[in-house]
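# Examination of the molecular architecture
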Amino acid sequence: MRRALTVATVMSLAVLTACSTDDESTTPSETQEGTTASEEAAPEREVADDPVCQDFLAGQGTPLDERAATQLEVVAAGDDLDPVSFSEVTLLSGRLSTLAEGADGDHAALLERIDAPLAEVNDAVVEAGTRTEDVIDIPDVDTADAQAALEELVSTCSA
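None of the values given here were measured: they were computed from a predicted structure.

### Notes on the packing of helix α3 (residues 51-58) against helix α6 (residues 105-128)
- With their axes 11 Å apart at the nearest point, α3 and α6 run at an angle of 30° to one another. It follows that α3 is roughly parallel to α6 by the angle criterion. Two packed elements cross with a definite hand, and for α3 against α6 that hand is left-handed. Between α3, through Val52, Cys53 and Phe56, and α6, the contact on the second element is made entirely by His107, Leu111 and Ile114.
- The class makeup of the residues in the contact of α3 with α6 is five nonpolar, one polar and no charged.

This is the structure in structure tokens:
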């Protein structure tokens, strides 16, 4: 049984390796235009030493500021959401709320303003009982203050 699993694992890796999408006309670090991957990557931003700023602008994965900007655009559009999109709104709202709890006064207030429209959408959907439906209708929510708070926090946290 163990040997069969090992063989299956090796075969799977071989298939994945063979299905690589690298273009043979370029080196792995070079794109079609001749620029290297490091040239295309966004420049590293300087982030203040404050732990809240570090978590907000330089956390693991996609930084919270980028996720917040994206989700505020989604909420501002007012389009219906699918369960995956709604879960991102919910998860981000929870993350911002948790970060605000550990922040000082100014940072906490900005984080709460950023979270306000996301929390409003989450609360409305939970109250309506539609969070498990294929299409989730969200309320019209004003995100202008949250977007202004986002810009202010990014500016404050950028060293």
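### Some words on the nonpolar core
- In terms of nonpolar packing, the biggest core is built from 32 residues, with Phe56, Leu96, Leu111, Ile114, Leu118, Val121 and Leu153 touching the most fellow members.
- Residue assignment for this core shows that the elements contributing at least two residues are α3, α4 (64-77), α5 (83-101), α6 and α7 (144-157).
- For this core, the element with the most residues is α6, which contributes seven residues.
- Setting aside residues no more than four positions away along its own chain, leucine 118 makes contact with Gln71, Leu72, Val75, Val89, Leu92, Ser93 and Leu96.

### Points about the environment of leucine 72
- Mapped onto the secondary structure, leucine 72 falls in helix α4.
- Taking relative accessible area as the criterion, leucine 72 reaches 0% and is therefore assigned buried.
- Contact partners of leucine 72, with chain neighbours within four places excluded, come to Ile114, Pro117, Leu118, Thr143, Ala146, Gln147 and Leu150.

### Brief notes about the pattern of salt bridges
- If you walk through the whole model with that rule in mind, you get four salt bridges.
- Arginine 95 is paired through a salt bridge with aspartate 55; the nearest N and O atoms lie 4.0 Å apart. Taken as a pair, arginine 95 in helix α5 and aspartate 55 in helix α3 lie far apart in primary sequence, 40 residues in all.
- Note that glutamate 88 is salt-bridged to arginine 67, the shortest N-O span being 2.9 Å. Within this pair, whereas glutamate 88 is found in helix α5, its partner arginine 67 is found in helix α4, the two being separated by 21 residues in sequence.
- Connected through shared salt-bridge partners, Arg113, Asp145 and Glu152 make up one network.

### Looking at α6
- Between its terminal C-alpha atoms α6 stretches 33 Å, which fits the 34 Å expected from 24 residues at 1.5 Å a residue.
- Maximal helix bending in α6 amounts to about 40°, located at alanine 116; proline proline 117 follows within four positions.
- Considered for burial, the residues of α6 that qualify are His107, Ala108, Leu110, Leu111, Ile114, Asp115, Pro117, Leu118, Val121, Asn122 and Val125.
- Those residues of α6 that are buried are in contact with α3, α4, α5 and α7.
- Two residues or fewer after α6 comes glycine 129, characterised by a positive phi angle close to 70°.

About the cut-offs
- Residues numbered from 1 in each chain as written.
- Predicted model: local features only at pLDDT ≥ 70, side-chain atom pairs only at ≥ 80, totals over all residues.
- Heavy atoms only, no water.
- Axes fitted to C-alpha atoms, helices over the stretch in contact; angles between N-to-C directions.
- Helix = DSSP H or I, 4+ residues; strand = E, 2+ residues; numbered from the N terminus.
- Parallel < 35°, antiparallel > 145°, perpendicular 65-115°, else oblique.
- Left-handed = near helix turned anticlockwise from the far one by under 90°.
- Contact = heavy atoms within 4.5 Å.
- Nonpolar A, V, L, I, M, F, W, Y, C, P; charged D, E, K, R; others polar.
- Core = buried A, V, L, I, M, F, W, Y, C linked by side-chain atoms within 4.5 Å.
- Buried < 20%, exposed > 50% of the residue type's maximum accessible area, 1.4 Å probe, protein only.
- Salt bridge = Lys/Arg side-chain N within 4 Å of Asp/Glu carboxyl O.
- Expected span 1.5 Å × (residues − 1).
- Bend = angle between axes of the 7 residues up to and from the residue.

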